[in-house]
Amino acid sequence: MAIDVHAHFVPPAVIDTLATRGQDFGINLIETEPGCHCCKFSSGIQIRPFFETLTNVDIRLKDMDRMGLERQILTLWTDIFGYEMPSDKGRSWHRLLNDTLAQLCIEYPSKFLWMASGPLQDPSMAARELERSMKEGAVGAIVAAHIEGKNLGECDLDEYWAACVQFKAPVFIHPAQPVAARRAKQFSLNQIVAYTNDTTLTLGSMMASGVLDRFPDLQLILSHGGGSVPWLIGRFDRMYEAAPATVTGIISTDPPSAYLGRFHYDTILHHGLALCYLRDLVGIERILLGTDAPFPPGDPDPLETLEGAGFSKAEIDCITSDNPKALFNL
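None of these values were measured; they are calculated from a predicted model.

*Asks:* Tell me about the overall build of the protein chain, residues and numbers included.
*Replies:* Each helix and strand in the protein chain was counted, giving 13 helices and 12 strands. Taken over C-alpha atoms, the radius of gyration comes to 19 Å for the protein chain, in line with the 20 Å a tight globule of 330 residues would show. Overall, the C-alpha framework of the protein chain stretches about 55 × 45 × 45 Å when taken along its three principal axes. Here the protein chain holds 330 residues, and the buried ones make up 56% of them. In the protein chain, of all internal contacts separated by at least 6 residues, the share reaching a separation of at least 24 is 72%.

*Asks:* Got a sec to walk through the nonpolar core? Specific residues and values, please.
*Replies:* Core analysis: the biggest nonpolar cluster contains 101 residues, and Trp-93, Leu-120, Tyr-160, Trp-161, Leu-218, Leu-220 and Phe-263 have the highest contact counts within it. Beyond its immediate stretch of four places on either side in the chain, Leu-218 contacts Trp-161, Cys-164, Val-165, Val-171, Met-206, Val-211 and Arg-262.

*Asks:* Describe in detail the side chain of Asp-237, supporting the description with residues and values.
*Replies:* Within the element layout of this structure, Asp-237 appears in helix α9 (residues 229–242). Arg-238 is the oppositely charged side chain nearest to the buried, salt-bridge-free Asp-237, at an N-O distance of 10 Å. If we ignore the near neighbours within four places in the chain, the residues touching Asp-237 are Pro-255, Pro-256 and Ser-257.

*Asks:* So, the pairing of strand β6 (residues 140–144): which residues are in play, and what are the values?
*Replies:* The buried fraction of β6 amounts to five of the five residues, a majority that puts the element mostly inside the structure. Going residue by residue along β6, you find Gly-140, Ile-142 and Ala-144 tucked away on one face and Ala-141 and Val-143 tucked away on the opposite face as well. Pairing geometry for strand β5 (residues 112–116) and β6, over two bridges, is parallel. Among the inter-strand pairings, Met-115 is bridged to a residue of β6, identified as Gly-140.

*Asks:* Could you give an account of the packing of helix α4 (residues 87–107) against helix α5 (residues 123–135), with specific residues and numbers?
*Replies:* Between α4 and α5, whose axes approach to 11 Å, the crossing angle comes to 20°. Here α5 runs roughly parallel to α4, going by the angle between their axes. Crossing hand, α4 versus α5: right-handed. Touching Ser-87, Asp-88, Arg-91, His-94, Arg-95, Asn-98 and Asp-99 of α4 are Met-125, Glu-129, Arg-132 and Ser-133, all from α5.

*Asks:* I'd like a description of the sheet that holds strand β10 (residues 220–222), backed by residues and values.
*Replies:* Reading across the sheet, the eight strands line up as β1-β4-β5-β6-β9-β10-β11-β12 and stay open at both edges, with parallel pairing between neighbours. Each of the sheet's edge strands pairs with one partner strand only, and the pair in question is β1 (3–8) and β12 (287–288). Its contacts with the sheet place α4 against β4 (71–75) and β5, and it is angled at close to 165° to β5.

*Asks:* Tell me about the environment of Gly-22, and please be specific about residues and values.
*Replies:* Relative to the helices and strands, Gly-22 resides in the loop between α1 (12–21) and β2 (27–33). Leaving out residues up to four positions away in the same chain, Gly-22 has contacts with Thr-17 and Ile-27.

*Asks:* Can you break down the packing of aromatic side chains residue by residue, with the values?
*Replies:* On inspection of all chains with the given rule, the structure shows 10 aromatic pairs. When the ring of Phe-41 is compared with that of Trp-93, the centres are 6.5 Å apart and the planes differ by 80°; the resulting orientation is edge-to-face. With Phe-41 in strand β3 (residues 36–41) and Trp-93 in helix α4, the pair connects residues that are 52 residues apart, well separated along the chain. Summarising the burial analysis for this pair, Phe-41 and Trp-93 share the class buried. Clustering of aromatic rings is evident, with ring pairs tying together Phe-50, Phe-51, Trp-77 and Phe-295.

*Asks:* Could you give an account of unusual backbone geometry, with specific residues and numbers?
*Replies:* A cis amide bond links Ala-293 to the next residue, Pro-294, at an omega of 5°. For Lys-168, which is not a glycine, the phi torsion comes out positive at approximately 55°. Position of Lys-168 among the secondary structure elements: in the loop between α6 (158–166) and β9 (171–174). On the accessibility criterion, Lys-168 (70% relative accessible area) is exposed. The phi dihedral of His-224 is positive, around 55°, even though this residue is not glycine.

Procedures and definitions
Residues numbered from 1 in each chain as written. Predicted model: local features only at pLDDT ≥ 70, side-chain atom pairs only at ≥ 80, totals over all residues. Heavy atoms only, no water. Helix = DSSP H or I, 4+ residues; strand = E, 2+ residues; numbered from the N terminus. Rg over C-alpha atoms; globule rule 2.2 N^0.38 Å. Buried < 20%, exposed > 50% of the residue type's maximum accessible area, 1.4 Å probe, protein only. Contact = heavy atoms within 4.5 Å. Core = buried A, V, L, I, M, F, W, Y, C linked by side-chain atoms within 4.5 Å. Lys, Arg positive; Asp, Glu negative; His and termini not counted. Salt bridge = Lys/Arg side-chain N within 4 Å of Asp/Glu carboxyl O. Pairing = 2+ DSSP bridges. Axes fitted to C-alpha atoms, helices over the stretch in contact; angles between N-to-C directions. Parallel < 35°, antiparallel > 145°, perpendicular 65-115°, else oblique. Left-handed = near helix turned anticlockwise from the far one by under 90°. Phe/Tyr/Trp six-rings, centres within 6.5 Å; stacked < 30°, edge-to-face > 60°.

This is the structure in C-alpha cells:
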C-alpha cells in the first residue's frame, strides 16, 4: 500500500458555503473569470484562484491510480488558513474546513484520511478544535509555518502543542506564502525559495526556543524534505556553539542536529542525490512519501522518483507503507 502523506484538497462544499454565507467568516468569494473563484479575506489578502484538480475528487482518484497510490492523507490548502482572522471567525472557518474534509473521507474511506487544521491565532481554540477533529476521525494536524509573519517557535503555542501530544496527533508543518515578497514574485521564486524558507525559519525557531525540549513526544512532519534544514544543519550547529545565547536567544538544551532524528520528512525534493543525502542524514525510517498534489511544484510520479534515486524495494516499502502506518497508527 503506497500512502501519500502530503496531498491537498479543498472539498467543493467549502466553495459552495462561501458562495452563500462567506460573510459569516469575513471571506468574499470572488469570481476571477467565469467558473473560477478565489477567496478574499477581510484583511485584504486575496488568494490564488481555486482550480479543478484541487477540488474535483474524480480527477484526484484518477491521478492516484496513475501514480500507483492507494491512499492519500489529505490536508487543506494552508494559504487559506487565515490566521489573521478574528478568533471566533477563525474557529468557524476551520470547523467548516475540517467538517467538509471529514465528510469526504467518510465517502471514500479506502482512499482518503485527513489531518485537521485549527485557528492557531488562538491556541486554546485550536487545541479544542484538534480534540474535536480527532474524535471525528482525523489522524493528525496541519499548521501553517507562521502566524502573520511570526515564526511558530516565537508564538505562545504550548497549549496547542500539548494537545497534539495528548491526542497523539503528528503535526504537519507546511509553508504559507499567499502574497509573494517583492524579491520572490518573478521566476517562480516564491514556490521554489520562499515556501521552503518558511519551513526552515519556523523549524529553526522551534529548535532554538525550547519547544522540542518542552514537548519531547511531539511528532513533526516537515514538508519538501525539511526545507533547507538538512542542508543548513551545520550552520545551525555552528551558531549554537559559536555565539553566546545572550545574543542569539537560543535556549535549547541540545545543538540543532540532535533534533534531526525526531522529525519526519517528505520526499518532495525532485533530485535523487538530494533524497539519498536525506536518507543518509536522518535514516530511512524518517522519510515519508509525498506528492504535494495537485500543485505544480509537486511530484507527478513519486514512486518512479524513489526508484530513479536507487532506493531498494525494501526502502521504498518502508517509505511508502511502513513509515506512514507506524506514524499515524494505521
